[in-house]
Amino acid sequence: NAGVTQTPKFRVLKTGQSMTLLCAQDMNHEYMYWYRQDPGMGLRLIHYSVGEGTTAKGEVPDGYNVSRLKKQNFLLGLESAAPSQTSVYFCASTKGRLNEQFFGPGTRLTVL
Amino acid sequence: DQQVKQNSPSLSVQEGRISILNCDYTNSMFDYFLWYKKYPAEGPTFLISISSIKDKNEDGRFTVFLNKSAKHLSLHIVPSQPGDSAVYFCAASPVTTDSWGKLQFGAGTQVVVTP
């Protein structure tokens, strides 16, 4: 079991460029989440999905889009990157509301 | 508006002694609480959880206490070991039917265990 994997691990973008972060889980979890972590702050929820084909906004969704076409994958897109999106991005999954979330290793994104 | 607060950004403790990490919350709808541990350049890993119907949960060296009336929880690590040096996050989930497992995280407490 690989658990939750994230691709890529690091990326540097210029302002205005676009990119997609990929999250994959092999635990057959229904719920998946994207968070960002900034210095001095906890993890903040960007978007989440409660099943294949469903997505919903979290606490800080502006500037991001997501898709969940397959149960095991959850994609996070930045259409036009801004320096304020420089952060570490974590994906997580869980089988249910009262179960712990399993996190991926993170993607460190820098937008110049 | 931060609904989960960890007011101590750092904690230094001697190996073998007790580490006590604190967390306060403001939302009375939270009914499930978790602690996560995070090493640098890694994702958070689950440590221990507690539901609001309990006031204590133990797992080995880790114990979480919940005081609902004070909206306060704490994590005790006994005895502290060098491998416990990490950032610890408190997280909470509300009871509402549309919560979908969404977690609110505190800002974290950096624990350093010294020899």
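Above this text is the structure in question.
Residues numbered from 1 in each chain as written. Chains lettered and ligands numbered in written order. Predicted model: local features only at pLDDT ≥ 70, side-chain atom pairs only at ≥ 80, totals over all residues. Heavy atoms only, no water.

1. Considering the packing of aromatic side chains
Moving on, step 1. Inspection of the entire model under this criterion finds 12 aromatic pairs over all chains.
Moving on, step 2. Each ring, one from F103(A) and one from Y36(B), has its centre 5.4 Å from the other, and the planes form 85 degrees; the classification is edge-to-face. In this pair, F103(A) sits in strand β10 (residues 102-103) while Y36(B) sits in strand β4 (residues 30-38), so the two residues belong to two different chains. Here F103(A) and Y36(B) have matching classes, each one buried.
Moving on, step 3. Aromatic ring contacts, followed pair by pair, group Y33(A), Y35(A), Y48(A), F103(A), Y36(B), F46(B), F89(B) and F105(B) into a single cluster. (Phe/Tyr/Trp six-rings, centres within 6.5 Å; stacked < 30°, edge-to-face > 60°. Helix = DSSP H or I, 4+ residues; strand = E, 2+ residues; numbered from the N terminus. Buried < 20%, exposed > 50% of the residue type's maximum accessible area, 1.4 Å probe, protein only.)

2. Description of the interface of chain A and chain B
Moving on, step 1. Between chain A and chain B, the residue contacts involve 21 residues of the former and 24 residues of the latter.
Moving on, step 2. Looking only at chain A, the three residues that lose the most surface to chain B are L43(A), R97(A) and F103(A), adding up to 31% of its buried area.
Moving on, step 3. Where chain A meets chain B, there are 0 salt bridges.
Moving on, step 4. Taken together, the links from chain A to chain B amount to 3 residue pairs in polar contact (both at pLDDT 80 or more).
Moving on, step 5. Those elements that place two or more of their residues in the side of chain A that touches chain B are β4 (31-37) and β5 (43-49) of chain A. (Contact = heavy atoms within 4.5 Å. Buried area = accessible area lost by both parts, 1.4 Å probe. Salt bridge = Lys/Arg side-chain N within 4 Å of Asp/Glu carboxyl O. Polar contact = N/O pair within 3.5 Å; in protein donor to acceptor, adjacent residues only side chain to side chain.)

In short, the description is geometric, and any link to function would need to be established separately.
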